[in-house]
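Overview (structure and organization)
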Amino acid sequence: MRFGIIGAGPIGSNIAEKLVRTGHVVKIADARGIERLEGKKLTGIPVNVEDVIKNIDVLITSIPFHALPSIRNFVDKAGEDVIIVDTSNYYPFRDNKIEEIENGIVESVWVSNHLGRPIIKAFNNFLAYTLEHHGTPEGTTGRIAIAIAGDDLSHKQIIMGVANDLGFDSVDSGSLSDSWKQQPGTPAYCTELTKEELIIALNKANKEKAPFLRDKVMEKLSASPGALLIQDVIKANREIFNS
């Protein structure tokens, strides 16, 4: 398949590397300009953002949540058959408070509205370290799973296949309106669960409590006296699952 990725951070660059390794064609861009990619160790073809949407099957957006409306003009030019996948998460301390979301609109619905396209929500509920280091072959015992939400079943199935190529099982978490179940502050978010565990976690999600728990986890991690290990981040998030 042919992929375009906007965003060369830890998630976008690791997805690109694994996709190329499994035989896919990948172009990668920085929405702020191709010069931002200079000096970065990247797998895939660095291009201008104007070119990343040309002749592709899937467009993956992996940029800070608040910046997503700024790429609307590029997304508008993507072919109608292109699957749009968003990996972002909303954090008020970073993205500033967005009133529509604070008032209850689902994050990914907000993204879809601002991009003017249906989207698939995926690759947002696990850590970049996990993406880079913990992918395993299909059928491996204890294989980590990710949640995938969206309104188009055929598109979700395609992205589930992509997740498998990257080394992860997947769970259909429902419509885009259901994607809050995999947002920060829920038991499915960055708890690195197996498929069976993830299904339980998604069903345990509490929409009203999620923003409070999201902020509580961030406060705990921020208060850590030393450098955080990956296990510390997973443990902090798993405490929500066991609460």
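Residues numbered from 1 in each chain as written. Predicted model: local features only at pLDDT ≥ 70, side-chain atom pairs only at ≥ 80, totals over all residues. Heavy atoms only, no water.

Things to note about the packing of aromatic side chains
What counts, and what does not: Any two of the Phe, Tyr and Trp rings considered here, Trp counted by its six-membered ring, make a pair once their centres fall within 6.5 Å; the pair's planes then place it as stacked at under 30 degrees, edge-to-face at over 60, or tilted in between.
With the rule as written, the count across this model stands at four aromatic pairs. Ring-pair connections join several aromatic residues into one group, and the members of that group are Phe 65, Tyr 90 and Trp 110.

Describing the nonpolar core
The condition that has to hold: Working definition of a nonpolar core: buried Ala, Val, Leu, Ile, Met, Phe, Trp, Tyr and Cys residues. They are joined through side-chain atoms within 4.5 Å. Residue exposure (1.4 Å probe, protein chains only): buried if accessible area is under 20% of the type maximum, exposed if over 50%, otherwise partly exposed. Secondary structure counts use DSSP, requiring at least four H or I residues in a row for a helix and at least two E residues in a row for a strand, with both numbered from the N terminus. Only heavy atoms matter for contacts: two residues are in contact if any of them lie within 4.5 Å across the pair.
If you look at the biggest cluster of nonpolar residues, it comprises 27 residues, and the most contacted ones within it are Ile 15, Val 85, Phe 123, Ile 159 and Leu 166. Elements supplying a minimum of two residues to this core: strand E1 (2-6), helix H1 (10-21), strand E2 (25-29), strand E4 (58-61), strand E5 (83-86), strand E7 (145-149) and helix H8 (153-166). The residues contacting Ile 15, other than those within four sequence positions of it, are Ile 5, Ile 60, Thr 87, Phe 123, Leu 131 and Leu 166. Within the second largest apolar cluster, 25 residues are counted, among which are Ile 71, Val 82, Ile 84 and Trp 110.

Focus: helix H9 (residues 195-204)
Heads up, the rule is: As used here, the arc belongs to the directions running from the helix axis to the C-beta atoms.
For H9, the set of buried residues is Leu 198, Ala 201 and Leu 202. Buried residues of H9, viewed axially, fall in a sector of 100°; they line one side. What points out from H9, more than 90 degrees from its buried face, is the exposed set Glu 196, Ile 200 and Asn 203.

Some points on H8
Threshold: For a helix, the expected span equals 1.5 Å multiplied by the residue count minus one.
Its 14 residues place the ends of H8 20 Å apart at the C-alpha level, agreeing with the 20 Å of an ideal helix rising 1.5 Å per residue. Looking only at H8, the buried set comprises Lys 156, Ile 159, Val 162, Ala 163 and Leu 166. Buried residues of H8, seen end-on, are gathered within an arc of 115° and therefore sit on one face of the element. The first or second residue beyond H8 is Gly 167, which carries a positive phi of 110°.

With respect to the pairing of E7
Heads up, the condition is: Two strands form a pair only when DSSP identifies at least two bridges running between them. By definition, the crossover connecting two strands over a helix is right-handed if that path, from the first strand to the second, turns clockwise as seen with the strands pointing away from the viewer.
For E7, a buried count of five out of five residues is recorded, marking the element as mostly surrounded by other parts of the structure. Residues of E7 alternate between two faces, with Ala 145, Ala 147 and Ala 149 on one and Ile 146 and Ile 148 on the opposite face, all of them buried. The pairing of E7 with strand E8 (residues 169-174) spans five bridges and is parallel. The residue bridging Ala 145 from the neighbouring strand is Asp 169, located in E8. What joins E7 to E8 is H8, and the crossover it makes is right-handed.

Digging into unusual backbone geometry
For Phe 123, which is not glycine, the phi dihedral falls at a positive 60°. Structurally, Phe 123 is set in the loop between strand E6 (120-121) and helix H7 (128-133). In this structure, Glu 192 takes a positive phi of about 50° despite not being glycine. Within the fold, Glu 192 resides in the loop between E8 and H9. The exposure class assigned to Glu 192 is buried, which follows from its relative accessible area of 9%.

Observations regarding the pattern of salt bridges
The condition is simple: Salt bridges are defined as contacts in which a side-chain nitrogen from Lys or Arg sits within 4 Å of a carboxyl oxygen from Asp or Glu.
What the rule picks out here adds up to 11 salt bridges. A salt bridge links Arg 143 to Asp 169; the nearest nitrogen and oxygen atoms lie 2.8 Å apart. Placement of the pair is Arg 143 in the loop between H7 and E7 and Asp 169 in strand E8, with a sequence separation of 26 residues. For Asp 169, a relative accessible area of 22% gives the class partly exposed.

Here we look at the environment of Glu 80
With respect to the helices and strands, Glu 80 occurs in the loop between helix H3 (72-75) and E5. Exposure remark for Glu 80: the relative accessible area of 79% places this residue in the exposed category. Each C-alpha atom of the pair Glu 80 and Arg 32 lies 24 Å from the other, and the pair is 48 residues apart in sequence.

Details of the environment of Thr 191
Topologically, Thr 191 is positioned in the loop between E8 and H9. When the C-alpha atoms of Thr 191 and Pro 64 are compared, they prove to be 21 Å apart, with 127 residues separating the residues in sequence.

Looking at the side chain of Asp 86
Quick reminder of the rule: Residues adjacent in sequence count toward polar contacts only when both atoms are side-chain atoms; beyond that, a polar contact is any pair of N or O atoms within 3.5 Å, and within protein one must be able to donate a hydrogen and the other to accept it.
Along the chain, Asp 86 turns up in strand E5. Classification of Asp 86 as buried rests on a relative accessible area of 0%. At a separation of 2.6 Å, a polar atom in the side chain of Asp 86 contacts the side chain of Ser 88. Excluding anything up to four places from it in sequence, Asp 86 contacts Thr 61, Leu 68, Val 111, Ile 119, Ile 120, Lys 121 and Ala 122.

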